[in-house]
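# Descriptive analysis of the structure
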Amino acid sequence: MSAPPLDRPTAPDEAALQALFDATIAADHRIEPRDWMPEGYRRTLIRQIAQHAHSEIIGMQPEGDWLLAAPSLRRKAILLAKVQDEAGHGMYLYSAAETLGADRADLTDKLIEGRQKYSSIFNYPTLTYADVGVIGWLVDGAAICNQVPLCRSSYGPYARAMIRVCKEESFHQRQGYELLLTMMRGTDEQRAMVQDAVDRWWWPSLMMFGPPDDDSPNSAQSMAWGIKRHSNDELRRRYVDMSVPQAEVLGVTLPDPELSYDAEAGHYRFGAIDWAEFKRVISGNGPANAERIARRRAARDDNAWVTEAATAYAAKRTGERASQEGPATEERNEPGVEQ
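Residues numbered from 1 in each chain as written. Predicted model: local features only at pLDDT ≥ 70, side-chain atom pairs only at ≥ 80, totals over all residues. Heavy atoms only, no water.

### Side note on the overall build of the chain
Tallying secondary structure elements over the chain gives 13 helices and two strands in all. Each principal axis of the C-alpha distribution contributes one length, and for the chain these read about 95 × 50 × 40 Å. Counting across all 339 residues of the chain, residues that qualify as buried make up 44%. A fraction of 76% describes how many contacts in the chain between residues 6 or more apart in sequence connect residues 24 or more apart. For the chain, the accessible area works out to roughly 18,100 Å², and carbon and sulfur atoms hold 55% of it. Computed over 39 positive and 50 negative side-chain charges, the separation of the two mean positions in the chain equals 2 Å. (Helix = DSSP H or I, 4+ residues; strand = E, 2+ residues; numbered from the N terminus. Buried < 20%, exposed > 50% of the residue type's maximum accessible area, 1.4 Å probe, protein only. Contact = heavy atoms within 4.5 Å. Areas by Shrake-Rupley, 256 points an atom, 1.4 Å probe, with all protein chains shown as cover. Lys, Arg positive; Asp, Glu negative; His and termini not counted. Charge placed at Lys NZ, Arg CZ, Asp CG, Glu CD.)

Written as structure tokens, this is what we have:
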């Protein structure tokens, strides 16, 4: 059931518009594309949505490397469907950014030129097939913790896009966990492969939630605007609480000797994250940053002719429809004829 509409001011002055925006946010209503919004809110949304979209597109690469090497036709089909889902997520999110006046091609250019970022997690290589399962379990699990609250984001197109994204990410996590359960019932070599992958992906997964709250320059304002609902540290704590029991069922050890349950707080305590590594990777110096961007650049450049052809065809069709419709004419009544 939707909330009753807010009263809209008739005065077009910015103070009244700001007051309306503030009241909309305070009432936990949605901001829609045609609503007035502060420029800072619009810029923040474009930055966050673009980074999210870039992450979905770049995130196709680590698992995509295993499409031909997956061990069975069933596993190939599952992985292909997942990579295809990630492409769709990127398209939903670029479309949401376009409702704010952003241009999709411009966002891609900014990514390739290093003026916009994507999630640091995708700058790590997938060394074994077990990495595919661990990405599904840990990386997509972190994405779910991050993204489910975004279904209640204050910006309507973003929130609505996230509903479908989160449903599909939940399936991806279950698929990854099922793959790991299967491998853990296999040979000693397979179990060792899973443990090695967990050792390599656990800490980068914790970094996915962003820097600690006292070092996050955008979180407070984003939460005040209702763009995000929870702080980085709160989401990270929820993720650890969720992951530890899953690791126990799976039979793997999370690589943190300081990991322990605090009965009084009702949460797990975990060791210090290497934020120097996080900053190094997010700045473009991770193990696979150069490869990820090189591939994205090649995809843009090698397929530019497709974009140009589609744009030209769309313009042609628009012109044809306009010529068929002809100029608008005013209807006139003939004398003595009722209309």
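Now that the structure has been shown, the text picks up again.
### Examining the packing of aromatic side chains
Taken as a whole and judged by the stated rule, the model has ten aromatic pairs. Ring geometry for tyrosine 261 versus tyrosine 268: centroids 5.0 Å apart, planes at 65 degrees, classification edge-to-face. Taking the relative accessible area as the measure of exposure, tyrosine 268 reaches 18% and is therefore buried. Ring-pair connections join several aromatic residues into one group, and the members of that group are Phe21, Trp36, Tyr41 and Trp225. (Phe/Tyr/Trp six-rings, centres within 6.5 Å; stacked < 30°, edge-to-face > 60°.)

### So, the nonpolar core
Ranked by size, the top nonpolar core spans 49 residues in total, and within it Trp137, Val194, Trp201, Trp202, Tyr239 and Val252 carry the most contacts. Listing elements by their share of this core, those giving two or more residues are helix H4 (73-98), helix H5 (104-112), helix H6 (130-147), helix H7 (156-184), helix H8 (188-207), helix H10 (232-250) and helix H11 (275-285). The dominant element in this core, judged by the number of residues it contributes, is H6, at nine residues. Residues in contact with tyrosine 239, not counting those within four places in the same chain, are Leu138, Gly141, Ala142, Cys145, Trp202, Ser205, Leu206 and Phe209. In terms of nonpolar packing, the next biggest core, distinct from the first, is built from 27 residues, Ile25, Ala97, Tyr155 and Met162 among them. (Core = buried A, V, L, I, M, F, W, Y, C linked by side-chain atoms within 4.5 Å.)

### Considering unusual backbone geometry
Residues other than glycine seldom take positive phi values, yet aspartate 28 does so here, at roughly 60 degrees. Judged by relative accessible area, which is 48%, aspartate 28 ranks as partly exposed.

### Details of the pattern of salt bridges
The final tally for this structure, using the stated rule, is 22 salt bridges. Here arginine 317 and glutamate 320 are joined by a salt bridge, their closest N and O atoms 2.8 Å apart. Of this pair, arginine 317 and glutamate 320 both sit in helix H13 (residues 304-325), separated by three residues, roughly a single helical turn. Because the salt bridges share partners, they merge into one network encompassing Glu63, Lys82 and Asp140. (Salt bridge = Lys/Arg side-chain N within 4 Å of Asp/Glu carboxyl O.)

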